[in-house]
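An overview of the molecular structure
Below are the chains, spelled out letter by letter.
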2 protein chains.
Amino acid sequence: MRRGRPGKRAAILAAAGRVFGRDGYARAGIDAIAAEAGVSTRTIYHHFDGKDDLFSAVVTASTAQVADTLTELIAAHLNDPAAPPHRALVALAHDWIAAQAEFADHFAMVRQINIEATHVPAAALHTWHETGPARVMAALTNRLAAMARQGTLRVFDAERAASHYLLLTVAAIDAASYHGAVPLPAAETTAIITTGVTAFLDGYRPRAQDTA
Amino acid sequence: MRRGRPGKRAAILAAAGRVFGRDGYARAGIDAIAAEAGVSTRTIYHHFDGKDDLFSAVVTASTAQVADTLTELIAAHLNDPAAPPHRALVALAHDWIAAQAEFADHFAMVRQINIEATHVPAAALHTWHETGPARVMAALTNRLAAMARQGTLRVFDAERAASHYLLLTVAAIDAASYHGAVPLPAAETTAIITTGVTAFLDGYRPRAQDTA
DNA sequence: CCCAATCTGCCACGACCGTTGTACTTTAGC
DNA sequence: GCTAAAGTACAACGGTCGTGGCAGATTGGG
């Protein structure tokens, strides 16, 4: 049974997400989280065993929420495996980026986890990966494989194709915007996504008639 | 004029690079760096103004070294713009990954900078970007443009093409290996690179004759 | 309304760590 | 070999912060 009042607990989780996302684990202070939540520091220790426990509770909660959101986006945009791929893949990337902005705090925490992967217990890292990224990747892989079966895509390994798609769109945006730290003009965002999807579909090898 | 003896200064820089890379900025202690360098903590404050100053000195030094290494790799592997691209791009990616392993501490520090981009003075971030990534990207962009002029590649925007190449190879490896935290079997490394280069060249759109 | 759980404010302990002062020893160059 | 710069060992200050204790206020269910 969880300790304390659920309302307070939810407020603490939300506030901790904001503070951890903004300041990072090390910089984030229990006092700051308590103030943000409108709660006394003592109450935080009523609900959680300490800073580590609070952090992992926040991450597991937001991980599930984000994974749900992203899998829904995938299902919505790639529901028709016979549809022309360019338009759907561009639209999906746009919404994906929007989700990253909406859950910016979550992704900031995840980046910290990845950076400190060496200092994080391997078991926690593994369970996080299973409930989050692996779930989303499986959904995306599944849809790309369906598109391949329809002849919409030419895919040898659907999982690698999913990786490549995300790298050329989402990761490209992340790199250009310093993971959201530097805001990107909407036009540039669109340009990165469309050129990324074009590269994903067509590649950079000269066409046969070009070499003439 | 730099303070202190150059030998000690070099030892401090090297040790600080190792400790910062291994433990991260926050976790890294001046005492640990001093011990690693075989130097008293007081000597560190003789050479540098403090932890921040030491960190930025380490980063600027290794940034120049890494940028040199990578631009040399680019020049060596893409020296012939008329050569078949697949082989050269795969070989370059392999050596690039090897360089990332060799300078693992540097890249660990860079990742920290990127994560904490919000908390780093914008001027320092900008000069770092100019002397490091921007230099390397310019070199790679230049070579891809040359290949495009030779008809080896079909490129609209050489800089985006350079990004896409790195995303599909280097970034793919980084993501799979948690930035080097989880060692990757050599076979998997090769598979990621070759499939990445194949995607870069050929994309995923069905060939005309496939749709028959 | 009452009681038990919960929450609050405040204080304090203890650990960690960056930084500095000081007195002493070592090193390098003239 | 002398001298000034550089390095060392050690202790201490100061700040931050996680954590817990405690007494009293508050809250919500029976």
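Residues numbered from 1 in each chain as written. Chains lettered and ligands numbered in written order. Predicted model: local features only at pLDDT ≥ 70, side-chain atom pairs only at ≥ 80, totals over all residues. Heavy atoms only, no water.

Burial of nonpolar side chains together is a common tendency in soluble globular proteins. Within the largest apolar cluster, 80 residues are counted, with the highest numbers of intra-cluster contacts made by Leu78(A), Leu140(A), Tyr165(A), Leu78(B), Leu140(B) and Tyr165(B). Those residues in contact with Leu140(A), other than ones at most four positions away along the chain, are Ile74(A), Leu78(A), Leu92(A), Ala162(A), Tyr165(A) and Leu166(A). Counting residues in hydrophobic clusters, the runner-up holds 26 residues, among them Val19(B), Val59(B), Met109(B) and Trp128(B). (Core = buried A, V, L, I, M, F, W, Y, C linked by side-chain atoms within 4.5 Å. Buried < 20%, exposed > 50% of the residue type's maximum accessible area, 1.4 Å probe, protein only. Contact = heavy atoms within 4.5 Å.)

Our next topic: the environment of Phe156(B). Topologically, Phe156(B) is positioned in the loop between helix 7 (122–149) and helix 8 (158–176). Sequence separation between Phe156(B) and Ala145(B) is 11 residues; the distance between their C-alpha atoms is 9.1 Å. (Helix = DSSP H or I, 4+ residues; strand = E, 2+ residues; numbered from the N terminus.)

In the numbering used here, UniProt assigns the "domain: HTH tetR-type" (unreviewed entry) feature to residues 6–66 of chain A. Between the C-alpha atoms that bound residues 6–66 of chain A there is a distance of 21 Å. The span itself is 87% helix and 0% strand. (UniProt positions renumbered as here; feature names shortened; annotations may be inferred.)

On to the domain arrangement of chain A, then. Residues and elements named next belong to chain A. Splitting chain A by domain gives domain 1 (1–48) and domain 2 (56–207). When each unit is reduced to the centre of its C-alpha atoms, the spacing between domain 1 and domain 2 is 30 Å. Across the boundary between the two partners, domain 1 contributes 10 residues, which contact six residues of domain 2. Of the roughly 570 Å² buried at the junction of domain 1 and domain 2 (both faces included), carbon and sulfur atoms supply 72%. Together, Leu13, Gly17 and Gly21 form the three largest contributors to the area buried by domain 1 at its contact with domain 2, with a combined 52%. Across the domain 1-domain 2 interface, the total number found is zero salt bridges. In this structure, the connection of domain 1 to domain 2 is made through one residue pair in polar contact (both at pLDDT 80 or more). Its residues assigned to classes, the side of domain 1 that touches domain 2 shows five nonpolar, three polar and two charged. (Domains from an automatic or database assignment. Buried area = accessible area lost by both parts, 1.4 Å probe. Salt bridge = Lys/Arg side-chain N within 4 Å of Asp/Glu carboxyl O. Polar contact = N/O pair within 3.5 Å; in protein donor to acceptor, adjacent residues only side chain to side chain. Nonpolar A, V, L, I, M, F, W, Y, C, P; charged D, E, K, R; others polar.)

This part takes up the relation of the copies chain A and chain B. Screw-axis analysis of chain A against chain B gives a translation of 0.0 Å along the axis, an RMSD of 0.1 Å, and a rotation angle of 180°. Taken together, the rotation angle and the small translation identify this as a two-fold axis. Across chain A, the rotation axis passes nearest the C-alpha of Gly203(A), at a separation of 2.1 Å. A shared binding surface is used by both copies, with 100% of the interface residues of chain A retained as interface residues in chain B. (Least-squares fit on C-alpha atoms with pLDDT ≥ 70 in both.)

Bringing the packing of aromatic side chains into the picture now. If you walk through the whole model with that rule in mind, you get 10 aromatic pairs over all chains. Where Phe20(A) meets Tyr25(A), the ring centres are 5.6 Å apart and the plane angle is 15°; that geometry is what we call stacked. Residue Phe20(A) is classed as buried on the basis of its relative accessible area, which comes to 1%. Of the residues examined, Tyr25(A) reaches a relative accessible area of 24% and is grouped as partly exposed. Ring geometry for Tyr165(B) and Phe200(B): centres 5.8 Å apart, planes at 65°, overall edge-to-face. (Phe/Tyr/Trp six-rings, centres within 6.5 Å; stacked < 30°, edge-to-face > 60°.)

Before going further, it helps to spend a moment on the interface of chain A and chain B. Tallying the contact residues gives 44 residues for chain A and 44 residues for chain B. Interface area for chain A against chain B, summed over the two sides, is near 4000 Å², with a carbon-plus-sulfur share of 55%. Looking only at chain A, the three residues that lose the most surface to chain B are Arg154(A), Tyr178(A) and Tyr204(A), adding up to 23% of its buried area. Connecting chain A to chain B are six salt bridges. For Asp202(A), the salt bridge goes to Arg205(B), with nearest N and O atoms at 2.6 Å. At the level of secondary structure, the elements contributing two or more residues to the side of chain A that touches chain B comprise helix 1 (6–27), helix 6 (104–115), helix 7 (122–149), helix 8 (158–176) and helix 9 (186–202) of chain A.

Per the UniProt record, "DNA-binding region" (unreviewed entry) is found at residues 29–48 of chain A. Counted over residues 29–48 of chain A, helix gives 75% and strand 0%. Its end C-alpha atoms are 15 Å apart.

Another aspect to go through is the protein's contact with DNA strand C. Around DNA strand C there are 18 residues in total, and Arg5(A), Thr43(A), Ile30(B), Tyr45(B) and Lys51(B) lie nearest to it. Among the atoms of DNA strand C close to the protein, meaning within 4 Å, 69% are from sugar or phosphate groups. Here a phosphate oxygen of DNA strand C sits 3.2 Å away from a polar atom, N or O, in the side chain of His47(A). Within the side chain of Arg42(B), an N or O atom sits 3.2 Å from a base nitrogen of DNA strand C. (Near = heavy atom within 4 Å.)

Moving on to the protein's contact with DNA strand D. Surveying the vicinity of DNA strand D reveals 18 residues, the closest of which are Ile30(A), Arg42(A), Tyr45(A), Lys51(A) and Thr43(B). Considering DNA strand D, the proportion of its atoms within 4 Å of the protein that are sugar or phosphate atoms stands at 72%. One nitrogen or oxygen atom from the side chain of Arg42(A) is found 3.0 Å from a base nitrogen belonging to DNA strand D. Between DNA strand D and Tyr45(A) there is a distance of 3.0 Å, counted from a phosphate oxygen to a side-chain nitrogen or oxygen. Only helix 3 (41–47) of chain A together with helix 3 (41–47) of chain B provide two or more residues apiece to the surface near DNA strand D. The element contributing the most residues to the surface near DNA strand D is helix 3 of chain B, with four residues. Here the surface near DNA strand D is built from residues that sort into four nonpolar, eight polar and six charged.

With that settled, consider the environment of Thr141(A). All names here are of chain A. Within the element layout of this structure, threonine 141 appears in helix 7. Since its relative accessible area comes to 16%, threonine 141 is described here as buried. Along the primary structure threonine 141 and alanine 158 are separated by 17 residues, whereas in three dimensions their C-alpha atoms are 5.4 Å apart. Those residues in contact with threonine 141, other than ones at most four positions away along the chain, are Ala158, Glu159 and Ala162.

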